[in-house]
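Residue strings, one per chain:
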Amino acid sequence: MSETITPLIVGNWKMNGLGEQLSEITALSKELSKLEKQKCKTIICPPATLIRPACSKAGDNIMIGGQNCHAEISGAHTGDISAQMLKDAGAKYVIVGHSERRTDCFETDSQVKAKSKAAIAANIIPIICVGENEEQRKSGNAIDIVLSQINGSIPDDLKGNEIVVAYEPVWAIGTGLVPSISDIDEMHLAIRQALVKKLGENGDKTPILYGGSMKSSNSAQILEIAHVNGGLVGGASLKASDFFGIIATIK
Ligand code: PEP
């Protein structure tokens, strides 16, 4: 964990959560308010239907994000949501290029790049997800694949520190499997070097999150790795107690 980048712990609720689930945000905010000093920026990305009410439950210690946005501001795109709409509902962040969308909706790197640009234009920080699948990991291509996703998905003309990157090995998402500490270390260092090459000194300040089966029993070790600046958490973000348990392990 870096001393200069404030850690981010981001909860991705995926397609989970009805109105009653907002009580988890109230409970989390209450737990966070008992801390003498906030250990991280805490972000919850609920389904789009809950963004606005989630903002009103979040207090000043939780920020709310979206899980996807369209690359255009408005238009004939039935069922889609623009970054500007997310912003209007109160979102401060948006996850783009999550592997579930790359798989389910065939999203490409260039679409992820366009969505990231739309988010930045709407004044929302995109959390740009990258990660290899099981076959790519087994064949020894994980780093090449991830660096190619980084190059294809991150806008080229960033002016400042406008993005977050999340490394999420696809085979670790929702499976209970986690890469070895040395594999996470190696990947995050490679991502950091690629970001510095692409973005200059801003690349040194860009938070790089780890995601994939993170829970309170493994987060302390993962969050200690040099270029891990926080976590993107799925299953363990649904209950305030589990999510707070991860936050509590930040040193
Ligand atoms: C995710 O959805 O981004 C994720 C990392 O899920 P999980 O923590 O459940 O593996």
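Refer to the structure presented above.
Residues numbered from 1 in each chain as written. Predicted model: local features only at pLDDT ≥ 70, side-chain atom pairs only at ≥ 80, totals over all residues. Heavy atoms only, no water.

**Thoughts on the side chain of Thr-42**
In plain terms, the rule: Strands are runs of DSSP state E lasting at least 2 residues, helices are runs of H or I lasting at least 4, and numbering of each runs from the N terminus. Three labels apply to residues, based on accessible area from a 1.4 Å probe with only protein chains included: buried if under 20% of the type maximum, exposed if over 50%, partly exposed otherwise in between.
Summarising the element assignment, Thr-42 is placed in strand 2 (residues 41-45). Given the relative accessible area of 1%, Thr-42 is considered buried.

**Structural notes on the nonpolar core**
To keep it simple, the criterion reads: Only buried residues count toward a nonpolar core, which is a set of Ala, Val, Leu, Ile, Met, Phe, Trp, Tyr and Cys residues joined through side-chain atoms within 4.5 Å. Two residues form a contact once any of their heavy atoms are found within 4.5 Å.
Formed by 59 residues in total, the largest nonpolar core has its most connected members in Ile-9, Ile-25, Leu-28, Ile-150, Ile-154, Val-165 and Ile-191. Looking at this core element by element, the count peaks at 6 residues for helix 8 (residues 181-199). Apart from the residues lying within four places of it in its own chain, the contact partners of Ile-191 are Val-146, Leu-147, Ile-150, Val-165, Tyr-167 and Ile-208.

**Notes on the site of the ligand**
Under the convention used in this document: Whether a residue is near a molecule or strand depends on its heavy atoms: if one lies within 4 Å, it is near. Definition of a polar contact: a pair of N or O atoms within 3.5 Å, with one able to donate and the other able to accept a hydrogen when the atoms are protein atoms, and with sequence-neighbouring residues admitted only if both atoms are side-chain atoms. Only the protein chains shown count as cover for residues, and the accessible areas themselves come from Shrake-Rupley with a 1.4 Å probe.
Lys-14, Glu-168, Gly-174, Ser-213 and Gly-234 are the nearest of the 14 residues found near the ligand. Take Gly-235: an N or O atom from its main chain is 2.9 Å from an oxygen atom of the ligand. Relative to its free-state accessible area of 290 Å², the ligand is covered by the protein chains to the extent of 95%.

**Quick look at the packing of helix 5 (residues 109-121) against helix 7 (residues 142-153)**
To keep things clear, this is the line we draw: A fitted line through C-alpha atoms represents every axis, and for helices the fit uses only the stretch in contact; the resulting angles, taken between N-to-C directions, go from 0 to 180 degrees. Orientation is classified from the angle alone, with under 35 degrees giving roughly parallel, over 145 giving roughly antiparallel, 65 to 115 giving roughly perpendicular, and any other angle giving oblique. Two helices crossing with the near one rotated counterclockwise from the far one by less than a right angle form a left-handed crossing, whereas a clockwise rotation gives a right-handed crossing. The classification used treats Ala, Val, Leu, Ile, Met, Phe, Trp, Tyr, Cys and Pro as nonpolar, Asp, Glu, Lys and Arg as charged, and all other residues, Gly among them, as polar.
Where helix 5 meets helix 7, the axes come as close as 7 Å, and the angle between the chain directions of the two elements is 45 degrees. Here helix 5 lies oblique to helix 7, going by the angle between them. Helix-helix and strand crossings are classified by hand; for helix 5 and helix 7 the assignment is right-handed. Only Ser-148, Gln-149, Asn-151, Gly-152 and Ser-153 of helix 7 make contact with helix 5, whose side of the interface consists of Asp-109, Ser-110, Val-112, Lys-113 and Ser-116. Taken together, the residues that form the contact of helix 5 with helix 7 break down as 1 nonpolar, 7 polar and 2 charged.

**Some remarks on the pairing of strand 6 (residues 164-167)**
Spelled out, the test is: Here, strands pair whenever DSSP counts at least two bridges between them.
Of the two faces of strand 6, the one lined by Val-164 and Ala-166 and the one lined by Val-165 and Tyr-167 are each fully buried. Across 4 bridges, strand 5 (residues 125-130) lies against strand 6 in parallel orientation. Each residue of the ladder has a partner; that of Cys-129, found in strand 6, is Ala-166. Judged from the 3 bridges that link them, strand 6 and strand 7 (residues 208-211) form a sheet pairing that is parallel. By the bridge assignment, Ala-166 is partnered in strand 7 with Leu-209.

**Notes on the pairing of strand 7**
Covered by surrounding structure in strand 7 are Ile-208 and Tyr-210 together with Leu-209 and Gly-211, the residues of both alternating faces. With 2 bridges connecting them, strand 7 and strand 8 (residues 230-233) associate as parallel partners. Its bridge partner being in strand 8, Gly-211 is matched across the sheet by Leu-232.

**Considerations on helix 11 (residues 240-247)**
Most of helix 11 is tucked away, with 6 of its 8 residues classed as buried. Every buried residue belonging to helix 11 is among Ala-240, Phe-243, Phe-244, Gly-245, Ile-246 and Ile-247, and all of these are buried. Where helix 11 is buried, its residues contact strand 1 (8-12), helix 1 (22-33), strand 2, helix 10 (219-223) and strand 8.

**Considerations on the pattern of salt bridges**
This is how the line gets drawn: The working definition used for a salt bridge is a side-chain nitrogen of Lys or Arg within 4 Å of a carboxyl oxygen of Asp or Glu.
Tallied over the full model, the rule gives 13 salt bridges. The partner of Glu-100 in a salt bridge is Lys-14, with the nearest N and O atoms 2.7 Å apart. With Glu-100 in helix 4 (residues 99-104) and Lys-14 in the loop between strand 1 and helix 1, this pair connects stretches of sequence that are 86 residues apart. Judged by relative accessible area, which is 30%, Glu-100 ranks as partly exposed. Close ionic contact of Asp-183 with Arg-137 constitutes a salt bridge, the shortest N to O distance being 3.7 Å. Pair noted here: Asp-183 is in helix 8 and Arg-137 is in helix 6 (residues 134-138), with a separation of 46 residues, a long-range link. Exposure remark for Asp-183: the relative accessible area of 27% places this residue in the partly exposed category.

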